[in-house]
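Residue-level structural notes
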Amino acid sequence: MTDNQPKRILVAPAWPYASGPRHLGHVVGFAVPADIFARYHRLKGNDVLMVSGTDEHGTPTMVVADKEGVSPREIADRYNASIREDLRDLGISYDCFTRTTTQNHARVTQDIFRTLYDNGWLIEQTALGAFSATTGNTLPDRYIEGTCPICGYPQARGDQCDNCGNQLDPVDLINPRSIIDGTTPEFRETKHLFLNLPAFADRLRPWLESKTHWRPNVRNFSLALVDELKPRAMTRDIDWGIPVPVEGYPPETKRIYVWFDAVIGYLSAAIECAANRGEPKSWREWWQNDDAHHSYFMGKDNIVFHTIIWPAMLLGYDIGGEIGAGKPLRQPDDVVASEFLRLGDEQFSASRGVGVNVRDVLERYDPDPVRYYLTAAGPETQDSSFTWAEFIRRNNDELLANWGNLVNRTLTNAYRNFGEVPAPGELTEPDQAVLDAVAAAFGPVGRLIEQSRFKAALAEAMSASTAVNQYISEQAPWSVIKADRARAATILNVALRCVDGLKVLFTPFLPFSSQKLHELMGYDDVLSGPLEFREVEEEEGARHTVLTGDYSGWRRGWGPTDLPAGQRLREPEPLFKKLDPV
RNA sequence: GGCGGCGUAGCUCAGUCGGUUAGAGCGCUGCACUCAUAAUGCAGAGGUCGGUGGUUCGAGCCCACCCGCCGCUACCA
């Protein structure tokens with residue numbers, strides 16, 4: 001990715017589960033890093049395709065639906081709508097943020113499932129499963145509670161006893177009960193189709209070993225798994241999900257495992273996006289192109305699905321059925337997993353009500369301070385804690401004090417004294433040095449973004465901002481102008497050009513304030529525009545709404561700008577609000 | 001239990017293949033400036049790099065053990 005040829009970059013952020021509102025711990029992992037990466041590559045001139053959507057099938061959606069006495073579809077609809085609004089308001093620039101309940105997604109999923117079955121990678125096995133006595137649905141191990149057969153702890157979970165730490169089988173629990181409604185689960189034999197993961201181990205291992213540029217946590221974790229692979233069931237005893245395209249698996253009782261279809265979303269959403277644009281074959285430029293690059297973004301809990309299961313599915317699908325049409329599909333080039341965000345010293349947990357919902361934050365604060373915080377203080381290499389006090393402090397003492405203040409003092413000086421970008425005279429050595437410093441920041445910041453080192457990239461951009469603050473303090477145009485207006489014009493011209501360059505440097509991280517600054521600088525075009533919802537129609541009147549944007553009209557160019565002297569400035573206003581300490 | 005991670009300045013964290021006086025941001029102290037949302041700039045104080053013992057000419061980085069915290073352990077994502 002270091003040459004100058006435009007590249008096809010697939011940005012693949014994990015699919016948020018449509019079973020409830022998403023909190024900061026979710027978006028810090030998949031949304032914000034992916035968006036920084038996507039926006040950077042767009043600025044650089046690459047062909048970015050960022051696709052994802054809400055993950056709507058599976059047990060968690062059903063559990064929520066059962067609790068509320070509504071259909072799973074109703075839950076999925078509700079949270080698809082709220083999650084895509086959260087993501088729009090955070091400025092996550094998806095080319096297509098769709099959902100897994102589309103006809104397109106079902107078609108692609110079934111093609112892959114059927115092809116894996118025909119190729120012999122899905123094998124039928126029977127296992128003892130737990131079922132809810134009231135609904136007849138599968139009861140995942142975690143939803144069963146009982147007395148631990150080892151230590152006698154009365155609230156052991158089906159998979160593990162929280163008291164003695166032993167791993168359990170729900171069948172062995174004394175007095176088992178469903179945590180959903182308290183009834184005793186039924187255990188009976190059930191057949192499923194298992195993906196033969198061990199059969200791929202010898203191809204996955206060297207592939208993983210070759211990924212030396214991955215974050216160590218992702219690579220090491222995956223390599224540890226690859227030697228102990230067991231076949232994994234890809235069907236479930238539920239009636240909410242994509243029907244199994246194999247005989248003997250009626251949709252009334254059996255559906256495809258939610259994770260099987262969720263990872264396929266990266267492919268099906270690319271196909272949908274192409275169709276929505278009226279170029280139905282264009283997705284192949286990303287998926288069947290040796291020069292393309294695929295980067296996946298997620299929390300660490302999703303690693304196994306992206307480094308083992310999805311690659312195995314792609315290997316098994318090989319040159320494909322209907323979708324592949326004779327050519328293999330591209331494997332992940334990078335899998336970027338974040339660690340976990342804690343709330344103070346507690347783990348975020350949707351089920352225990354510990355967390356800060358994206359919506360709650362965005363109702364009180366602008367998106368860029370939130371993005372700044374999640375990038376600067378996010379759990380990039382180890383778990384980190386969110387606190388409101390830290391959020392306020394980062395906003396006031398870093399974002400506003402350094403970058404916001406630089407913009408404000410520069411624009412205020414220039415606007416008040418000249419009303420436009422003043423024409424420069426001859427440049428002094430310090431003038432050239434600060435311009436060079438800003439220009440020189442693009443290389444490292446870009447490289448760090450490409451390496452998924454977003455924290456360091458943002459710090460690098462901030463230090464470039466510091467350099468310009470230093471320059472202005474040393475040159476003191478407010479003082480110079482009293483005796484030498486021409487020299488003050490030169491200083492402010494240089495400062496404005498620096499700010500204009502920094503604006504681009506900050507755009508991937510802070511798209512909203514960068515666009516606002518773009519306008520204050522007197523530009524009329526779009527650096528980073530609004531995202532939008534579009535309705536998509538499928539067969540028989542089925543409709544859904546996708547989050548997208550018209551990125552083709554956004555300004556390109558990863559480097560210093562060519563700010564024209566004489567360009568009228570607009571009346572300055574602060575980019576960021578000072579927040580009251582909590 | 002097994003596997004893995006973490007413990008570096010008051011706070012949050014960087015420290016790539018072990019190599020000169022251990023870094024950053026914020027906070028703190030002093031000075032300067034006063035264009036700017038009291039925001040900026042300069043200077044400075046502050047760490048026996050969790051503990052113990054090893055390997056090495058040399059260890060924050062490697063090894064062993066110990067203490068503390070955490071995650072994963074796959075039909076919950």
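Nothing here was measured: the structure is a model prediction, and the numbers come from that model.

Moving on: the domain arrangement of chain A. Taken domain by domain, chain A holds domain 1 (8-139 + 185-364) and domain 2 (388-521). Using C-alpha coordinates to define each centre, domain 1 is positioned 41 Å away from domain 2. Contacts between domain 1 and domain 2 engage 20 residues on the former and twelve residues on the latter. Across the interface of domain 1 and domain 2, roughly 1300 Å² is buried in total on both sides, 72% from carbon and sulfur atoms. At the surface where domain 1 touches domain 2, the tally comes to one salt bridge. Of the charged contacts in the structure, one is a salt bridge between Lys44 and Glu450, with a shortest N-O distance of 3.1 Å.

Since the α-helix turns once every 3.6 residues, residues separated by three or four places project in the same direction. For helix α10 (residues 303-317), which comprises 15 residues, the first-to-last C-alpha distance of 20 Å matches the rise-based estimate of 21 Å (1.5 Å per residue) to within 8%. Of all the bends in α10, the greatest, near 30°, is centred on Ile309, and the proline Pro311 appears no more than four residues after it. For α10, a buried count of 14 out of 15 residues is recorded, marking the element as mostly surrounded by other parts of the structure.

A few words now on the side chain of Asp334. As for its position among the elements, Asp334 is in strand β13 (residues 334-338). For Asp334, which is buried and forms no salt bridge, the nearest opposite charge comes from Arg215, at a distance of 7.3 Å. Excluding its chain neighbours within four sequence positions, the residues that come into contact with Asp334 are His213, Trp214, His293, His294, Ser295, Tyr296 and Ser452.

Along strand β3 (residues 96-99), one buried face is formed by Cys96 and Thr98 and the opposite face, lined by Phe97 and Arg99, is buried too. With four bridges joining them, strand β2 (residues 47-54) and β3 adopt parallel strand pairing. Within β3, the residue paired with Val51 across the bridge is Cys96.

One way to put it is that helix α6 (residues 201-209) packs onto α10 with a least axis distance of 11 Å and a crossing angle of 120°. Between α6 and α10, the crossing angle belongs to the class labelled oblique. Helix-helix and strand crossings are classified by hand; for α6 and α10 the assignment is right-handed. Here Arg203, Leu204, Trp207 and Leu208 of α6 come into contact with α10, specifically with Thr307, Ile308, Pro311, Ala312 and Leu315. Of the residues belonging to the contact of α6 with α10, the class tally is seven nonpolar, one polar and one charged.

This part is about the nonpolar core. If you look at the biggest cluster of nonpolar residues, it comprises 163 residues, and the most contacted ones within it are Leu87, Phe260, Leu267, Trp287, Trp310 and Trp403. For this core, the leading source of residues is helix α8 (residues 258-276), giving 13 residues. No fewer than three residues from each of domain 1 (8-139 + 185-364) and domain 2 (388-521) sit in this core. Leave out the neighbours within four places in its chain, and Trp287 touches Leu10, Tyr266, Leu267, Ala270, His294, Tyr296, Trp310, Leu314, Pro328, Leu329 and Arg330. Phe418, Ala488, Ala489 and Leu492 belong to the second largest nonpolar core, which has five residues in total.

The rules behind the values
- Residues numbered from 1 in each chain as written.
- Chains lettered and ligands numbered in written order.
- Predicted model: local features only at pLDDT ≥ 70, side-chain atom pairs only at ≥ 80, totals over all residues.
- Heavy atoms only, no water.
- Domains from an automatic or database assignment.
- Contact = heavy atoms within 4.5 Å.
- Buried area = accessible area lost by both parts, 1.4 Å probe.
- Salt bridge = Lys/Arg side-chain N within 4 Å of Asp/Glu carboxyl O.
- Helix = DSSP H or I, 4+ residues; strand = E, 2+ residues; numbered from the N terminus.
- Expected span 1.5 Å × (residues − 1).
- Bend = angle between axes of the 7 residues up to and from the residue.
- Buried < 20%, exposed > 50% of the residue type's maximum accessible area, 1.4 Å probe, protein only.
- Lys, Arg positive; Asp, Glu negative; His and termini not counted.
- Pairing = 2+ DSSP bridges.
- Axes fitted to C-alpha atoms, helices over the stretch in contact; angles between N-to-C directions.
- Parallel < 35°, antiparallel > 145°, perpendicular 65-115°, else oblique.
- Left-handed = near helix turned anticlockwise from the far one by under 90°.
- Nonpolar A, V, L, I, M, F, W, Y, C, P; charged D, E, K, R; others polar.
- Core = buried A, V, L, I, M, F, W, Y, C linked by side-chain atoms within 4.5 Å.

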